[in-house]
Amino acid sequence: MPQRAVEVEDVQYEARRRLKSLKIEEWRVREFVTGTPVPDNIRHLALQIEYAAQAIGRLSPIPADYADDVYWPRVW
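Values in this document were obtained by computation on a predicted structure and should not be read as measured data. Residue positions are given per chain, counted from 1 along the sequence in the order it is written. Whole-chain, interface and lining totals are the exception, using all residues; otherwise, since this is a predicted model, local features are given only for residues with pLDDT of at least 70 and side-chain atom pairs are given and counted only at 80 or more. Hydrogens and water molecules were not included; the side-chain quantities draw on all heavy atoms of the structure.

1. Brief notes about the side chain of Arg 18
Looking at the secondary structure, you find Arg 18 in helix H1 (residues 8-22). In this scheme, a residue with accessible area under 20% of its type's maximum is buried, one over 50% is exposed, and one in between is partly exposed, where area comes from a 1.4 Å probe on protein chains only. Judged by relative accessible area, Arg 18 falls into the buried class, the value being 11%. Any pair of nitrogen or oxygen atoms within 3.5 Å is treated as a polar contact; in protein, a donor-acceptor pairing is required on top of that, and neighbouring residues in sequence qualify only through side-chain atoms on both sides. Polar contacts involving the side chain of Arg 18 include one to the side chain of Glu 14, which spans 2.8 Å. Reaching out from Arg 18, the side chain makes a polar contact with the side chain of Asp 69 at a distance of 2.9 Å. Contacts are assigned to residue pairs that have any heavy atoms within 4.5 Å of one another. Residues contacting Arg 18, with those up to four places away along its chain left out, are Ile 49, Ala 67, Asp 68, Asp 69 and Trp 72. Here a strand is any run of E in DSSP of at least two residues, a helix any run of H or I of at least four, and the numbering for each starts at the N terminus.

Written out as structure tokens, the structure reads:
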């Protein structure tokens, strides 16, 4: 059975999954409510994830293993 082509939406979903595991929305809400900025390391990693998603989404074709950690920034 042929596999369906990977689409940009699949990559965006993976990026949202990774950002959710970072709890970026909770950090942003905390910043909005308290004025305490998102820690630099969290902000930087979120930017890297968003950049990686854009770059992967522009590949033609998008690799079938796009969710592999090799394509995404490393979380220490």
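Don't stop here, the text continues.
2. A closer look at the layout of surface pockets
Estimates place the volume of the largest pocket at around 150 Å³. A pocket here means an open set of points on a 1 Å grid, computed over the protein atoms alone, that has protein on both sides within 12 Å along at least five of seven lines. A cavity is instead a set of points where a 1.4 Å probe fits but cannot get out; residues with an atom within 4 Å of a point line either one. Surrounding the largest pocket, Arg 16, Leu 19, Lys 20, Lys 23, Ile 24, Glu 25, Glu 26 and Arg 28 form its lining. Element by element, the count of residues in the lining of the largest pocket is highest for helix H2 (residues 24-34), at 4 residues. Any residue that is not Ala, Val, Leu, Ile, Met, Phe, Trp, Tyr, Cys, Pro, Asp, Glu, Lys or Arg is counted as polar, Gly included; the first ten are nonpolar and the last four charged. Tallied by class, the residues present in the lining of the largest pocket amount to 2 nonpolar, no polar and 6 charged. Grid points are joined across faces, edges and corners, and a volume is the space filled by probe spheres set on the points.

3. Observations regarding unusual backbone geometry
Here the amide bond leading from Ser 60 into Pro 61 is cis, since omega sits at -5°, within 30 degrees of zero. With respect to the helices and strands, Pro 61 occurs in the segment after helix H3 (40-57).

4. What to know about the packing of H2 against H3
Each pair of packed helices can be summarised by the angle the axes make with each other and by the distance between the axes. Under this scheme, a helix contributes an axis fitted over its contacting stretch, all axes are lines through C-alpha atoms, and angles between N-to-C directions fall in the 0 to 180 degree range. Where H2 contacts H3, the two axes come as close as 11 Å, and the packing angle between them is 130°. The angle between H2 and H3 places the two elements in the oblique class. Our pair here, H2 against H3, has a crossing hand that is left-handed. Of the residues in H3, those touching H2 at Ile 24, Trp 27, Arg 28 and Glu 31 are Ile 42, Arg 43, Ala 46 and Glu 50. Each angle receives one of four descriptions, namely roughly parallel if under 35 degrees, roughly antiparallel if over 145, roughly perpendicular if within 65 to 115, and oblique otherwise. Note on convention: near helix rotated counterclockwise from far helix by under a right angle means a left-handed crossing. Clockwise means right-handed.

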